[in-house]
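Now for the letters of each chain:
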Amino acid sequence: MTRAGASAPATVRPALGFLLPYAVGTLLLVVVPALLTFRYALTDYTGVGEPRYTGLDNVRRLGQDPFLRAALTASALHVVIAVPLRLLAATTLGLMLAAPRPGGRWYRAAVYLPTVVPDIALALLFLWVLNPLFGPLNGLLGALGLPQPAWLATTWGARLGVVLMLLLPIGEAFLVVLATRRQVNARLYEAAALDGAAPWQQLRHITLPLLAPVLVLLAVRDTVLTLQVNFVPAYVLTDGGPANATLYLPIYIYDQAFEFAAFGYGALLTAVLLLLTLLAVGLQLALVRRWRIVR
Amino acid sequence: MTLRLAGVRKSYGAVTALAGVDLEVGEGELLAVVGPSGSGKSTLLRVVAGLEPLTEGRVLIGGRDVTTLSPHRRDVAMVFQDYALYPHMTVRGNLSFGPRLRRQATTDTRERVERLSGQLGLAGLLDRYPDQLSGGQQQRVALARAMLREPRVYLFDEPLASLDAQLRAAARAEIVELHRRLGTTTLHVTHDQAEAMTVGDRVAVLADGALQQVGPPQQLYDEPANSFVARFLGSPPMNLLPGGGVLGGAAGTLVGVRPEDLELDPAGPIEGEVVVVEALGSETVLAVAVADHRLAVRTGPRAPQRPGERVRLVVDPARRHVFDVTTGARR
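Residues numbered from 1 in each chain as written. Chains lettered and ligands numbered in written order. Predicted model: local features only at pLDDT ≥ 70, side-chain atom pairs only at ≥ 80, totals over all residues. Heavy atoms only, no water.

This paragraph deals with helix 2 (residues 91-101) of chain B. A large share of helix 2 of chain B lies buried, amounting to nine of its 11 residues. Within the sequence span of helix 2 of chain B, burial applies to V91(B), G93(B), N94(B), L95(B), S96(B), F97(B), G98(B), P99(B) and L101(B). The inward-facing, buried residues of helix 2 of chain B abut helix 10 (186-195) and helix 11 (199-228) of chain A together with helix 3 (106-119) and helix 4 (135-148) of chain B. Following helix 2 of chain B by one or two positions, R103(B) has its phi on the positive side, about 60°. (Buried < 20%, exposed > 50% of the residue type's maximum accessible area, 1.4 Å probe, protein only. Helix = DSSP H or I, 4+ residues; strand = E, 2+ residues; numbered from the N terminus. Contact = heavy atoms within 4.5 Å.)

We now examine helix 3 of chain B. Residue and element names in this part refer to chain B. The first and last C-alpha atoms of helix 3 sit 20 Å apart over 14 residues, in line with the 20 Å expected at 1.5 Å per residue. Every buried residue of helix 3 is accounted for by T109, R112, V113, L116 and S117. Viewed along the axis of helix 3, the buried residues span an arc of 120°, placing them on a single side of the element. Away from its buried face, by an angle of more than 90 degrees, helix 3 presents the exposed residues T107 and E111. Directly beyond the C-terminal end of helix 3, a positive phi value near 70° is found at G121. (Expected span 1.5 Å × (residues − 1). Arc of directions from axis to C-beta.)

Right, let's get into the sheet that holds strand 11 (residues 239-242) of chain B. All names here are of chain B. Ordered by their spatial adjacency, three strands build an open sheet running 11-12-18, and the pairing between neighbours is antiparallel. Edge positions in the sheet fall to strand 11 and strand 18 (320-324), since each has one partner strand and no second. Averaged over all neighbouring strand pairs, the angle between strand axes comes to 25°, with direction disregarded. Pairing geometry for strand 12 (residues 253-257) and strand 18, over five bridges, is antiparallel. Considered in strand 18, the bridge of L254 is made with F323. (Pairing = 2+ DSSP bridges. Axes fitted to C-alpha atoms, helices over the stretch in contact; angles between N-to-C directions.)

Glancing now at the interface of chain A and chain B. Every contact between the two is made by 17 residues of chain A and, on the other side, 25 residues of chain B. Counting each side, the surface lost to burial between chain A and chain B is near 1900 Å², with a carbon and sulfur contribution of 62%. Viewed at the interface, chain B and chain A are joined by one salt bridge. Across the salt bridge formed by E190(A) and R46(B), the nearest N and O atoms sit 2.7 Å from each other. Where chain A touches chain B, the interface holds eight residue pairs in polar contact (both at pLDDT 80 or more). Counting residues per element, the ones that place at least two in the side of chain A that touches chain B are helix 10 and helix 11 of chain A. Considered class by class, the residues forming the side of chain A that touches chain B number nine nonpolar, four polar and four charged. (Buried area = accessible area lost by both parts, 1.4 Å probe. Salt bridge = Lys/Arg side-chain N within 4 Å of Asp/Glu carboxyl O. Polar contact = N/O pair within 3.5 Å; in protein donor to acceptor, adjacent residues only side chain to side chain. Nonpolar A, V, L, I, M, F, W, Y, C, P; charged D, E, K, R; others polar.)

For the rest of this paragraph, the subject is the pairing of strand 9 (residues 202-207) of chain B. Residue and element names in this part refer to chain B. Here strand 9 lies mainly inside the structure; five of its six residues are buried. Across four bridges, strand 3 (residues 30-34) lies against strand 9 in parallel orientation. Paired with A32 across the two strands is V203, which belongs to strand 9. With five bridges connecting them, strand 9 and strand 10 (residues 210-215) associate as antiparallel partners. Pairing of A207 across the sheet is with A210, part of strand 10.

Put into structure tokens, the structure is as follows:
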């Protein structure tokens, strides 16, 4: 125990007791597997048998892997499109539905509802929604005289199809925005109205700046989620295709580790994904500081 | 610029917040509106500011009907009880937000912000955020924000309520001084009767959404229009007893005597027993039990009376107030 720990107030010791289960869980379920993954990353482990240390062979393979480039492109495009749109949807709906009005709870429930639908069910639903021939989306587009893309059969159709599906489960970000907006002192809007601020100016100068810290948090969280946790829906909806347009890194890692028996290489790809996630989050936080989004 | 409210009614569903208020604030006058919580005084202010639509009636500023105008077109400035400073802006940002929205020249605004903050003792604080300021400093920023507006009418919504007692007395004097210097028509809402009496050129007493009495502070104190005003103004409040009792008066009336108008007199007609002695330094308040009632008696400092002592009191008949027991109106 450090000297600071020794002089810590008496309330710290019981708190450590409460933290212990989480510390054990983190150690067993996150830290140990992560260390194992890093160790497997430099082996030819296939999932069975004994792993054999192969030095930097796997790293050299990264540079020559054409599928990795496709996977990186797919993941990058996905994050760049999906995160802003999901955030925009959650923020817009959160702000629109924050004010108490009759029936508001039903709208709020409706926005949150898709979030409790299991990924797999949502993906199966969207296989139907996006069906170019008898899906309701193209039916609607056709009725409006708009072009009816062959959603999951073209590269951009598939990319946007997955994004479209992921625009539904935004309940958590929606709730956070809603709760934050309700915390804002109503007097600020009255003061702004007296200062002559029109509604959009109040949004621009009062609401968004006060929401900024929370929006940054949500953006970081959504980046991590979108990069890493979109496996199930994308796997069911497109399985990486067509032409590897939706071969997101998690799918490619799964393919390598469990379909192609290259567990060691998959482990290295996992480390790459971790690094990329850190980079993306770091970039966001640097921009936040640079643009002084948060005081 | 005069401010006039004509037949102003405001209800929220079945609840009536303002039940037909007619009120005029004269050119350059500071009118203090006072009432207990829930009396509708804040609603009154918000109706004038345009933050709440009226159910009925009209609001006129300088003869112009502003009833349907949005808040910023009414040319009023408001100081809120919790100041409502924008927490994400510096003091400078808070002050120049309005002028910026009104597209006033930046250099001109900067100059006015500097000058005004100098006058209000905020000069070194312009780059601080509101949460880095003391309560008194925040209050002065809120005041400065209102002053930059150079409005035709100031609206103060309990601007001193969030300050501690010592600061409040100083700020009260500052407001009076400021009002004298600016000479702008001001509506000052407070729940504190002492504050209303000290800042107001005139005082309006509000209860249950209706005006009880409007007049100069001393007049309200000396000639309360009804038993509510009598009880509400003054500390300790006026002694009010049913007529025909120890304070005299006919049956069916309420008879009131202020604590300072009851005098200790060995030959006085009212006899009672001292129950509590409150020594306040500059004065002493005795609670005297007389028959089934208690009378508050104000006497000088260092009063020799002790609890349990029997005393005799006399009422100055010219200072006796008589109210109707059912309507409460002055007789």
